[in-house]
Amino acid sequence: MYVAVKGGERAIDAAHAWLAEERRGDPSVPELTLAQIREQMALAVNRVMAEGSLYDPDLAALAIKQARGDLIEAVFLIRAYRTTLPRFGASRPVDTAAMAVDRRVSATFKDLPGGQVLGPTFDYTHRLLDFALAAEGTPPPAPMAPAPDEPVPHVTGLLDRDGLIERQPAEDTPAPDLTRQPLELPASRALRLQALARADEGFTLSLAYSTQRGYGRTHAFVGELRIGRVAVEVELPELGFAVEIGEVELTECDTVNQFKGSKTEPPQFTRGYGLVMGQSERKAISMSLVDRALRWQELGEDFTGAPAQDEEFVLSHCDNIQSTGFLEHIKLPHYVDFQAELELVRRMRREAVQMQEAAE
Amino acid sequence: MSQSSQPETAARRDWISALAKAPPGRLAALLPELPAYEMLRAPEIGTVMVQGRIGGTGAPFNLGEMTVTRCSVRLSEGAVGHACVQGRNKAHAARAAVADALMQTGAAPQIAAQVLGPLRQEAAEARATRAGKAAATRVEFFTMLRGEDA
């Protein structure tokens, strides 16, 4: 059966015109600029970059403005824009040990080279609404202290010196790319990390929390959490050598998890890893817990049926654009499908009534 | 890949990087006048896939892309310059490519002094400011004595 689908154009145009007006809000209130969003809604911008999988704060700010602050809609806009751009190549793997850290904390060691650096954190705030922010004002300048010129090595390296923790030896297996090949299971850890890096923060958080509550428990400590800037180095074919073309802000989390040992190897800690674009420590910690839970097979652990251990479940549902695309499509016209269902239910009811009458 | 240890390569890598990382407005202010040049490759916006390493040290994985703009130019005197800069600013990419070309000509000392010097200094200052603010949030633990005979 064919159902006419014409007739909605005028309504759609009017809906979009009204959307634009509602987006602007009360015209007597000054309009937001992209720079204001970029500078003052930085964590929203970071989330859109991370889940949009495209580092560009100005574009993310535009997407947030266009989406009226709906961050998943903004991620959708960024993903769509990204597909229009040619890709020139891949960077060299970033060196997070050389990060210029704004923040670096460890929950496993109090005293460590480079120190515990709190950075601009919400931790230890009282979570009381600050009504002073309702008025305009410039905060007093943040205090400064002489910065020690010392390296800030990864905490896991300290444990590695004694062989107490699983090693991640450097290697250069080319990374699989989720955006170029369809997802195939079982996925390599590299592919899982790519999927988790762009996964929905809420979904990743819930899964990570479920492991803490016992659904695939891995006894995670935050070995180290660091936020800061790393240089991005790219090989330029026209030059024949690599140059640093810019810097990105990243959040990295390394968890130290329960032991693993065997007849041949003495027990040692295992690890989970999280790396996210921008300042997003909730996401980075969640990612490392989920990464660790997904490694059960590689580490010879039992599959307990926990969602966070189930690679197919995690990887198929962690992307909020895939999820929302399929979820929201059911609100679009399904008149023909529904007509068929309606016919079917009517026929079944008719038959049921006839059977009942025949039985009586 | 010639990960050359030649000093010229290292020097060029450094200035291309300083030009790429420069705030576009600042580079334009320091180098307002450009000599005659032709575009070998007009500024083009694209992406680079940023890679991380598993556990910070292991095998590479794809973290996500970043926007970049690349450009190649030739000065009328023949020097060829290339640029690949973060973001989507075409004027920045073109100016950085021209500056790379100029650094291969007799104008190099002047560009180094008037453009690269200030850019490097300002980048170092910005980095030092953040490092100083971070240092102020570094926790200095002290141990409280407990018990009667403290």
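Along each chain, residues carry numbers from 1 onward, in the same order as the chain's sequence is written. The lettering of chains begins at A and the numbering of ligands begins at 1, in the order of writing. Local features in this predicted model are restricted to residues of pLDDT 70 or higher, and side-chain atom pairs are both shown and tallied only at a pLDDT of 80 or more, whereas totals for entire chains, interfaces and linings draw on every residue.

**Re the nonpolar core**
- The term nonpolar core refers to a set of buried Ala, Val, Leu, Ile, Met, Phe, Trp, Tyr and Cys residues connected through C-beta atoms within 7 Å. For the exposure call, what matters is how many other C-beta atoms sit within 10 Å of a residue's own: 20 or more marks it buried, 12 or fewer exposed, and in between partly exposed, using C-beta atoms placed from the backbone. In terms of nonpolar packing, the biggest core is built from 98 residues, with V48, A60 and V290 of chain A together with L19 and A83 of chain B touching the most fellow members.
- Only DSSP runs of H or I reaching four residues or more are called helices, and only runs of E reaching two or more are called strands; each is numbered from the N terminus. It is helix α3 (residues 90–102) of chain B that provides the largest number of residues to this core, a total of eight residues.
- Contacts are defined on C-beta atoms placed from the backbone: any two residues whose C-beta positions lie within 7 Å are in contact. Setting aside chain neighbours within four positions, we find L19 of chain B in contact with L27, A83, A96, A99 and D100 of chain B.

**Some words on the packing of helix α8 (residues 201–212) of chain A against helix α9 (residues 281–294) of chain A**
Residue and element names in this part refer to chain A.
- Lines fitted to C-alpha atoms define the axes, with helix axes restricted to the stretch in contact, and inter-axis angles between N-to-C directions lie between 0 and 180 degrees. Running from amino to carboxyl end, α8 crosses α9 at an angle of 55°, the nearest separation of the two axes being 8 Å. One finds that α8 runs oblique with respect to α9. By crossing handedness, the relation of α8 to α9 is classed as left-handed. Residues E201, T204, L205, L207, A208 and T211 of α8 form the contact with α9, whose own contacting residues are R282, K283, I285, S286, M287, L289, V290 and A293.
- Its residues assigned to classes, the contact of α8 with α9 shows eight nonpolar, three polar and three charged. In these notes the angle categories are as follows: under 35 degrees is roughly parallel, over 145 is roughly antiparallel, 65 to 115 is roughly perpendicular, and the rest is oblique. The crossing is said to be left-handed when, going from far helix to near helix, the turn is anticlockwise and less than a right angle, and right-handed when the turn is clockwise. Residues are grouped as follows: Ala, Val, Leu, Ile, Met, Phe, Trp, Tyr, Cys and Pro are nonpolar; Asp, Glu, Lys and Arg are charged; every other residue, Gly included, is polar.

**Focus: the pairing of strand β5 (residues 241–260) of chain A**
All names here are of chain A.
- For β5, the buried fraction is high: 14 of the 20 residues fall into the buried class.
- Counting the residues in the hairpin turn of strand β4 (residues 221–236) and β5 gives four residues, including G240, whose phi is positive at 85°.
- Here 10 bridges tie β5 to strand β6 (residues 268–277), and the two strands are oriented antiparallel to one another. The residue of β6 that forms the bridge with K260 is Q268. The rule for pairing is simple: two strands pair if DSSP sees at least two bridges between them.

**Topic: helix α12 (residues 335–359) of chain A**
- Each helix should span, by expectation, one fewer than its residue count multiplied by 1.5 Å. Compared with an ideal rise of 1.5 Å per residue, which puts 25 residues at 36 Å, α12 of chain A spans 36 Å between its outermost C-alpha atoms and is within 8% of the ideal.
- α12 of chain A sits mainly on the outside: zero of its 25 residues count as buried.

**Brief notes about the interface of chain A and chain B**
- Every contact between the two is made by 70 residues of chain A and, on the other side, 54 residues of chain B.
- Looking at the side of chain A that touches chain B, the elements that each hand over two or more residues are β1 (54–55), β2 (87–90), β3 (100–105), α7 (189–197), β4, β5 and β6 of chain A.
- No other element matches β5 of chain A, which puts nine residues into the side of chain A that touches chain B.
- With three bridges connecting them, β2 of chain A and strand β1 (residues 37–53) of chain B associate as parallel partners. From the neighbouring strand, A90 of chain A faces β1 of chain B, where its bridge partner is M49 of chain B.

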